[in-house]
Amino acid sequence: MDFILEPWPWYIGGPFITLIMFFLFYYGKKFGISSNLESICAMGGAGKLHEFFTFDWKKNRWNLMFIIGTVIGGFIAFKFMTPDQAIALNPETISDLSEIGFQNAGVQYLPDEIFGLEALLSIKGAAILIIAGILVGFGSRYAGGCTSGHAITGLSNLELPSLIAVIGFFIGGLIMTWLILPLLF
Amino acid sequence: MKNIRFIVLGILFGIVLSKAEVISWYRIYEMFKFQSFHMYGIIGSAVVLGIILFSFFKKGTIKNYLGEKIMIEPKEKGFYRTIIGGTIFGLGWGLIGACPGPMFILLGRGVLSILIVIFGGLLGVLFYHAIKHKLPH
């Protein structure tokens, strides 16, 4: 029982993701989260803005149910399964973060410097949140998928477009982490 | 309500990604700094097992719940869309430490700020479709 309350190692997390992907395909669907963003836009009436969003989002209802499930799952894990919210980081990571202005890295699950109320209420902090969201939304649809659709499903299917997309994910992530984050904080 | 099964799978996904700390900004930062094997282990093991799983789908050894062959829709091809789109996505992923799945899971944790990120994600999707005819694919 203690095992459930502790952080799960990669060799539990990874296989579980494949298991979930298996069930999605077994039930005749696919594993792709970012297309939900399009469904939500269509559901919210974006069809008035652009004809693309006039597609029948109801056929993606199963996927919207899936993300509603993820919200519930996040709540359950947070409330009942994670007594200790600390993240055991590499000491090097902690010192790197402290150098660019992130204090007490890993003490909490998320950094206050990005997700805290103070950041949310500042212009810089709010701009970071919205710009990051725009980049993820725009990039995932331009690339035709996100981590679930390209990195997990696409690579599992040995698809070249997915390999290129994942290389892109890393180019962007490395530029952000090594070059831009130190300038922002 | 056969869609209930997808809620259940989503709950499981939310719990797994929370407990494996995939939705922690720190784990994504650490990954891009190459300072931990954790995220590579997760994605790597999921993909290796996925390759094995899909080979059973393709051979028809594993069929779907209706007893039919499982087909995997191929991804749309295009060098520019995947490399440029992927890089834009990566910039956002590196900044906020969450891809679309974790965004919704973080919402379940009660992280208020993530609402702004999700709103940004919707704007990004709208923006993409508004200008996609001008972009190289």
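This text follows the structure it describes.
Quick notes on the rules
- Residues numbered from 1 in each chain as written.
- Chains lettered and ligands numbered in written order.
- Predicted model: local features only at pLDDT ≥ 70, side-chain atom pairs only at ≥ 80, totals over all residues.
- Helix = DSSP H or I, 4+ residues; strand = E, 2+ residues; numbered from the N terminus.
- Buried ≥ 20, exposed ≤ 12 C-beta atoms within 10 Å, placed from the backbone.
- Contact = placed C-beta atoms within 7 Å.
- Nonpolar A, V, L, I, M, F, W, Y, C, P; charged D, E, K, R; others polar.
- Axes fitted to C-alpha atoms, helices over the stretch in contact; angles between N-to-C directions.
- Left-handed = near helix turned anticlockwise from the far one by under 90°.

Engineer: Mind laying out the overall build of chain B, listing which residues take part and the relevant values?
Structural biologist: A tally of regular secondary structure across chain B gives 6 helices and 0 strands. Mapped in sequence order, the helices and strands of chain B form the string α-α-α-α-α-α. Judged by the C-alpha coordinates and their principal axes, chain B covers about 45 × 40 × 40 Å. Expressed as a percentage of its 137 residues, the buried residues of chain B come to 54%. Here the contacts in chain B between residues at least 6 apart in sequence split such that 42% fall between residues at least 24 apart.

Engineer: Residues and numbers for the overall build of chain A, please.
Structural biologist: When its secondary structure is counted, chain A shows 10 helices and 0 strands. Taking the principal axes of its C-alpha atoms as reference, chain A extends roughly 50 × 45 × 35 Å. Counting only residues that meet the buried cut, chain A has 50% of its 185 residues in that class. For chain A, the share of sequence-separated contacts (at least 6 apart) that also reach a separation of at least 24 residues comes to 45%.

Engineer: Can you break down the interface of chain B and chain A residue by residue, with the values?
Structural biologist: With 97 residues of chain B at the contact, the number on the chain A side is 110 residues. Of all elements in the fold, only α1 (4-19), α2 (25-32), α3 (38-59), α4 (79-96), α5 (100-108) and α6 (114-131) of chain B reach the threshold of two or more residues within the side of chain B that touches chain A. The element that contributes the greatest number of residues to the side of chain B that touches chain A is α4 of chain B, accounting for 17 residues. A breakdown of the residues in the side of chain B that touches chain A according to their chemical character gives 57 nonpolar, 28 polar and 12 charged.

Engineer: Residues and numbers for the packing of helix α10 (residues 160-184) of chain A against α4 of chain B, please.
Structural biologist: Put simply, α10 of chain A and α4 of chain B touch, their axes get as near as 6 Å, and they point 40° apart. Viewed along their axes, α10 of chain A and α4 of chain B form a crossing whose handedness is right-handed. Grouping the constituent residues of the contact of α10 of chain A with α4 of chain B by class yields 17 nonpolar, 10 polar and no charged.

Engineer: Kindly report on the environment of Ile123 of chain A, identifying the contributing residues and their values.
Structural biologist: Residue and element names in this part refer to chain A. Within the secondary structure, Ile123 is located in helix α8 (residues 123-143). Overall, Ile123 belongs to the exposed group, with 7 C-beta atoms counted inside 10 Å. Sequence separation between Ile123 and Ile40 is 83 residues, and the spatial gap between their C-alpha atoms is 27 Å.

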